[in-house]
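One letter stands for each residue in the lines below.
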Amino acid sequence: MCLCIEKGTHVSTDEQVFVHQLRDLPLEEGRIFIQAHLHELPPPDILKILLKDESLRQRDIHPFTALKLAEQLLFYSELVQSRSAYGFGLMAKGDSLSILGQEQATVDILEEAASIFLFLGEEVNWARTRIGWIVSSAWLGRAEEALQVAEEARAVFLRHQELLRVCALDHNCAVIYSQIGNYRKALETYERLLQIYATLPNQSEQFITHAIAMVKLNQGRNLSWLGEFEQARQLLEEASESFQALRHIGPWLRCEDGLAQLDVLQGHYGSALRRYYQMRDRSEQQQLASPTFAILMQRIASCLLKLNRITEANHLTAESVEICRRLGASLDVATALREYATTLIAGQRFKDALHVLDEAWTLFSEGKLLHHAMITRLQQTSLLLTMGQFYEAYEQASQLKTYFDERQLVVRATGARLVMAEALLQLMQQPEFLLSPAHKDAYQQEVRALTQEVIEFTRRYILREEGYRALYLLGQMAALEEHYAEAESYYEAAIEQIEQILENLVVDLLPAFLHSTWKVYEAMIALGLQQRRLAFAFQYLERARSLALRHYFVATQPDEQIRYEPSEIVLRQEKQAELLRIQTEFHEWQARYRRSSQQLESFDQILAPGVGRQALEQEVRRNEEKVSELFERLHLQQFVSSRTDEKPFLDRINRSSEYEVSRLQPYLREQQLLLAYFLYKGKLVILALTRDEIKCVEQENGIEVLERLLPPLYAHLEPGGWPDPLHPPQQAIRKLLHKLYGLLLAPIADWLPERSGELTIVPYGLLHNLPFHALYDGEQFLIERFQINYLPAASLLPQLHAEALEESKMAPVVFGYSGQGQLPRALEEAQMVQQLLHGVSFLESEATIGQLQQQVVGRPLIHLATHGQCRLDAPNFSYVRLADGQLNAIDAFGLNLKQCQLVTLSGCETGLALTGGGDEQLGLGRAFLAAGAASLVMSLWPVEDAATNELMILFYQHLLQGEGKAQALRAAQCDLLRRSSQSEAQYRHPYFWAAFRLVGNTAPLCFHQVEH
């Protein structure tokens, strides 16, 4: 909304002081102040203008202050019995309520003001009440009536040469045209406004700058809805700079919102999220009104949804709906419902989503907002497609395409075309939907025509998400027709679009986005396997696997020296200052989280159970959410603080050859076999790579067999289910492990290396938690035959190669914490390991997070003997416990482990992880690797204390004899499982010896032992 301040009234210093005093006083004290100085005040005709104008100035900055000033003006007008001043007070109140989203109250109050002015014969003041009234009326579904009334008010202003009022009225009319989808009419109105502003007399430069910036803001938003993104971005950036210079926060927020929406439309999700977080910070600082927060919630949720952050998005949109319902504006409620439905669909709650969209459709229709109603219908059409109602989806999308085409609404028209094309493609594949050759050909031609139109739109307007979806559909079509070269070309083009989006994402946003786009890579891998192009399939399997982890490896490489221009230095300093602010806040919230989580852990020991525990749990969750958000924001800000002409990270890891088989093979030794697994459409695929060749085996229904065998296996690894803990059942688990061997290893048995050769396992999906080294061939466990290590991605071989390791002259460091005596064996283990390695140890109260952060730098080996826990609900909060709290994955990311050859996490579940998009393993292991560790020894389940102690001592003894890490762990595990004495017979069960595995580099330790 646009309103204008009264001009032509001279304001003395005393009058300014009085207005500022009223502004700063609480409401009741302000009324007392008015009564005490009533006879000293200026006449009502002057004071009503002063207070009304100050209320207007405060409206976008502090709306409740604006409302307070309006109430004070109403109080004053009753004291002096001035009907005109009372009307001004009502105008000020209506304008304030409007910015607070109270549209019905705004309409009622401005109607009352209008009646007063008509009774007094003040025609111009009546017309002034219409400036705000038309917007609130339109928001309540009375757009046509509002535009008619606006014409009447405009005629009044023109008769009285009130050009400034004409501008304010026209501005609000343009806003209404935008809301009803008539963007061209809105743009025409804004052009007319610019012409008037150029002729306005007696206006300050600041006023004109603000007014022109408002026009540019709204022009930019309308142009973006019409798909003219480049011009829209330029106008929005110009307006944003103007408002920033003027320190006008409300309009600046709207500019940034427009720019963020452009970022989303063009696939720059990281940039959009960064803008939204900055907007929220400024909104909180300025204590802006609830409608602003409701809109921000919707925008952030929409962006998070693109990144597959469904739970967070659902929470935000549900809260947004509740805020809008309380405020009572039907348009805002309907818009919030539409966003909420989108998150429900992503969460597979289709019936709930249909109900919500029906309500939104009804509200828009009742408000005669056909444009918004049709957008809602497009969402319903996409939902029908998701629910398998392909014919209905096609028919509705066809009608919507016509509607959006007629109005030149490019983004919506593109969405309708994609629904139509996907619906037709699905219909062609339905067995019950028999098509004649002629009909099938017609369908194929229409799919091609629709997707080619989409591609043309996406090229012209840089719509990357729609672009990759269209190319993927064309690839599917070509594959169905067995035109494999054509399918490959389309899939590759789709992947290029996806990777352009990935360039704008950081850290955990990468696997989040890949969760929804991985299907394109899967299609390319399947195409390669179908044609027996194994190296090709392997390359695409690795291309997006563990992308975030590989990004960390690139980020830790030293940058070349860069020279900056003076203007770049200033900008860089501003960005670095913002980065420092976020870092400071991040560390503060980390400290809060540690305190609250530690209090929760020790709660039952210091208070009676149940007393205040729920509140403490809520505090921990709140702190976790804030730390997660700030961790993300920290990386987003680091991203924008880097040099703008720096090479994109996908180029920096040399994506054209990084994953080629021929590049990785030289890093494999003789008698070393790398096994990369892949699960796709029910199949289990095993890709076997040696120095000289690549082979492949596919197992039909392999996933079904895995899903049948893995649950009972994991049940047998739980001692709680054993009849006799001292005599664990051996045969049952060996039988399961033998079946899994038959599925996962037997098909490639002829390719296995000679005895004591090396096996490098690159699991996939649900195989990441499987102890391959415990698979049983009927006579021996796999670990008895081979040295075994694991990798999250084969493309990490070069980074983890043994030649990169240098001898360290620093001693190993050992941390031991028993959890206030609950784990006495952990303390014993730490002491024994320290003695063996002649290392430095920090035990019990000395084993703190701060001490660890300082001591690990430059250490060749780090051993942590303490309790660990995997958090699959929040993998970045998986942790090992130290004396002053939980060292979680977020903390581990910040460690400097560049010279570290081995990190051993001997607690429970330290090696478990959540599988994200791109097969990214989210948990403690990834964090330690990202921090620079060359290899890790971690556990897959809760470990038994005595067995763990013995295993660790044996492991380090073999390491100190010069054996490689994989061979040392193998020897230690074999020693345990071959125990023959009756007292140690239980150790033969895999539960006792197989929990730990080696991830990463297998080379011997390389450090100079010194007595400590």
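By the naming in an unreviewed UniProt entry, the protein is CHAT domain-containing protein, taken from Tengunoibacter tsumagoiensis.

### A short note on the overall build of the protein
Summing up its helical and strand segments, the protein has 42 helices and 16 strands in all. Contacts in the protein between residues at least 24 apart in sequence constitute 72% of all its contacts with a sequence separation of at least 6. As presented, the protein carries roughly 41,200 Å² of accessible surface, and 49% of it is formed by carbon and sulfur atoms.

### Brief notes about the sheet that holds strand 9 (residues 868–869)
The three strands lie next to each other as 9-10-11, forming an open sheet whose pairing is antiparallel. One side of each edge strand has no neighbouring strand; the edge strands of this open sheet are strand 9 and strand 11 (885–888). Strand direction decides the pairing type here: strand 10 (residues 879–882) and strand 11, joined by four bridges, are antiparallel. Residue pairing across strands places arginine 881 opposite glutamine 886, the latter belonging to strand 11.

### Quick notes on the packing of aromatic side chains
Tallied over the entire structure, the rule returns 21 aromatic pairs. Three or more aromatic residues joined by ring pairs form one cluster here, namely Trp722, Tyr987, Tyr991 and Phe992. Over the ring of phenylalanine 536 we find arginine 533, and its NZ or CZ is 4.0 Å from the ring centre. Above the ring of tryptophan 589, the side-chain terminus of arginine 592 is found at 4.2 Å from the ring centroid.

### Focus on the confidence of the model for the protein
Where the model shows low pLDDT, its predicted coordinates should not be examined in detail. Put simply, the protein has an average pLDDT of 85, and 90% of its residues get 70 or more. In this model residues 3–12 is a low-confidence stretch, pLDDT under 50, and it forms 25 contacts with partners more than four residues away in sequence or in other chains. Across residues 605–611 the pLDDT falls below 50, and counting only partners more than four positions away or on other chains, this stretch makes six contacts in the model.

### Description of the packing of helix 36 (residues 824–837) against helix 40 (residues 945–960)
Where helix 36 contacts helix 40, the two axes come as close as 10 Å, and the packing angle between them is 10 degrees. If you check the angle between helix 36 and helix 40, you find them roughly parallel. Of helix 40, the residues touching helix 36 (which contributes Arg825, Glu828, Glu829, Met832, Val833, Leu836 and Leu837) are Asp945, Ala946, Thr948, Asn949, Met952, Ile953, Tyr956, Gln957 and Leu960. Taken together, the residues of the contact of helix 36 with helix 40 sort by class into nine nonpolar, three polar and four charged.

### Concerning the environment of leucine 740
Among the structural elements, leucine 740 can be located in helix 34 (residues 730–744). The exposure class of leucine 740 is buried, given its relative accessible area of 0%. Between the C-alpha atom of leucine 740 and that of leucine 713, which follows or precedes it by 27 residues, the distance is 9.6 Å. Filtering out sequence-adjacent residues up to four positions away, leucine 740 remains in contact with Leu706, Leu709, Leu710, Leu713, Leu745, Leu770 and Leu775.

### Details of the nonpolar core
In globular proteins that are soluble, nonpolar side chains generally tend to be buried together. Ranked by internal contacts, the top residues of the largest apolar core, which has 347 residues, are Tyr677, Leu744, Leu745 and Phe928. Counting residues per element, this core draws most heavily on helix 21 (residues 410–429), at 13 residues.

### Considerations on the pattern of salt bridges
All chains considered together, the criterion is met by 50 salt bridges. Where lysine 216 meets glutamate 238, a salt bridge forms, and the shortest distance between an N and an O atom there is 3.0 Å. In this pair, lysine 216 sits in helix 11 (residues 205–225) while glutamate 238 sits in helix 12 (residues 229–246), placing the two residues 22 residues apart along the sequence. Here glutamate 238 falls in the partly exposed class, since its relative accessible area comes to 29%.

### Quick word on helix 22 (residues 437–461)
One turn of the α-helix equals 3.6 residues, which is why residues spaced by three or four share an orientation. Along its 25 residues, helix 22 runs 36 Å from first to last C-alpha, staying within 8% of the 36 Å computed at 1.5 Å per residue. Among the residues of helix 22, Tyr443, Gln444, Val447, Leu450, Thr451, Val454, Ile455, Phe457, Thr458 and Tyr461 are the ones counted as buried. Trailing helix 22 by a residue or two, isoleucine 462 shows a phi angle of about 55 degrees, which is positive.

### Structural notes on the environment of alanine 478
Residue position: alanine 478 is located in helix 23 (residues 464–480). Note: C-alpha distance between alanine 478 and glutamate 488 (10 residues apart in sequence) is 8.7 Å. Setting aside anything within four residues of it in sequence, one finds alanine 478 in contact with His483, Glu486 and Ala487.

### Examining unusual backbone geometry
Phi at glutamine 161 takes a positive value of approximately 55 degrees, unusual for a residue other than glycine. Along the chain, glutamine 161 turns up in the loop between helix 8 (143–159) and helix 9 (163–179). Here glutamine 671, not a glycine, exhibits a phi torsion of approximately 60 degrees, which is positive. Relative to the helices and strands, glutamine 671 is located in the loop between helix 32 (661–664) and strand 1 (672–680).

### Things to note about the packing of helix 16 (residues 310–327) against helix 17 (residues 330–346)
Taken N-terminus to C-terminus, the directions of helix 16 and helix 17 make an angle of 160 degrees; their axes are 8 Å apart at the nearest point. Judged by the inter-axis angle, helix 16 sits roughly antiparallel to helix 17. Viewed along their axes, helix 16 and helix 17 form a crossing whose handedness is left-handed. Side by side, helix 16 and helix 17 meet where Ile310, Ala313, Asn314, Thr317, Ala318, Ser320, Val321, Cys324 and Arg325 of the first sit next to Asp332, Val333, Ala336, Leu337, Glu339, Tyr340, Thr343, Leu344 and Ala346 of the second.

### Considering the side chain of glutamine 219
Locating glutamine 219 in the fold gives a position in helix 11. Within polar-contact distance, the side chain of glutamine 219 engages the side chain of glutamate 191 at 2.9 Å. In this structure, glutamine 219 is in contact with Leu187, Tyr190, Glu191, Leu194 and Leu235, ignoring residues within four places of it in sequence.

### Focus on the pairing of strand 12 (residues 902–905)
The side-chain alternation of strand 12 yields two buried faces, one formed by Leu902 and Thr904 and the other by Val903 and Leu905. Bridge count for strand 8 (residues 861–865) against strand 12 is four bridges, and the pairing is parallel. Its bridge partner lying in strand 12, leucine 861 is registered against leucine 902. Pairing between strand 12 and strand 15 (residues 935–939): two bridges, direction parallel. Within strand 15, the position partnered with threonine 904 by the bridge is valine 937.

Parameters and conventions
- Residues numbered from 1 in each chain as written.
- Predicted model: local features only at pLDDT ≥ 70, side-chain atom pairs only at ≥ 80, totals over all residues.
- Heavy atoms only, no water.
- Helix = DSSP H or I, 4+ residues; strand = E, 2+ residues; numbered from the N terminus.
- Contact = heavy atoms within 4.5 Å.
- Areas by Shrake-Rupley, 256 points an atom, 1.4 Å probe, with all protein chains shown as cover.
- Pairing = 2+ DSSP bridges.
- Phe/Tyr/Trp six-rings, centres within 6.5 Å; stacked < 30°, edge-to-face > 60°.
- Lys NZ or Arg CZ within 6 Å of the ring centre and 35° of its normal.
- pLDDT = per-residue confidence, 0-100.
- Axes fitted to C-alpha atoms, helices over the stretch in contact; angles between N-to-C directions.
- Parallel < 35°, antiparallel > 145°, perpendicular 65-115°, else oblique.
- Nonpolar A, V, L, I, M, F, W, Y, C, P; charged D, E, K, R; others polar.
- Buried < 20%, exposed > 50% of the residue type's maximum accessible area, 1.4 Å probe, protein only.
- Core = buried A, V, L, I, M, F, W, Y, C linked by side-chain atoms within 4.5 Å.
- Salt bridge = Lys/Arg side-chain N within 4 Å of Asp/Glu carboxyl O.
- Expected span 1.5 Å × (residues − 1).
- Left-handed = near helix turned anticlockwise from the far one by under 90°.
- Polar contact = N/O pair within 3.5 Å; in protein donor to acceptor, adjacent residues only side chain to side chain.

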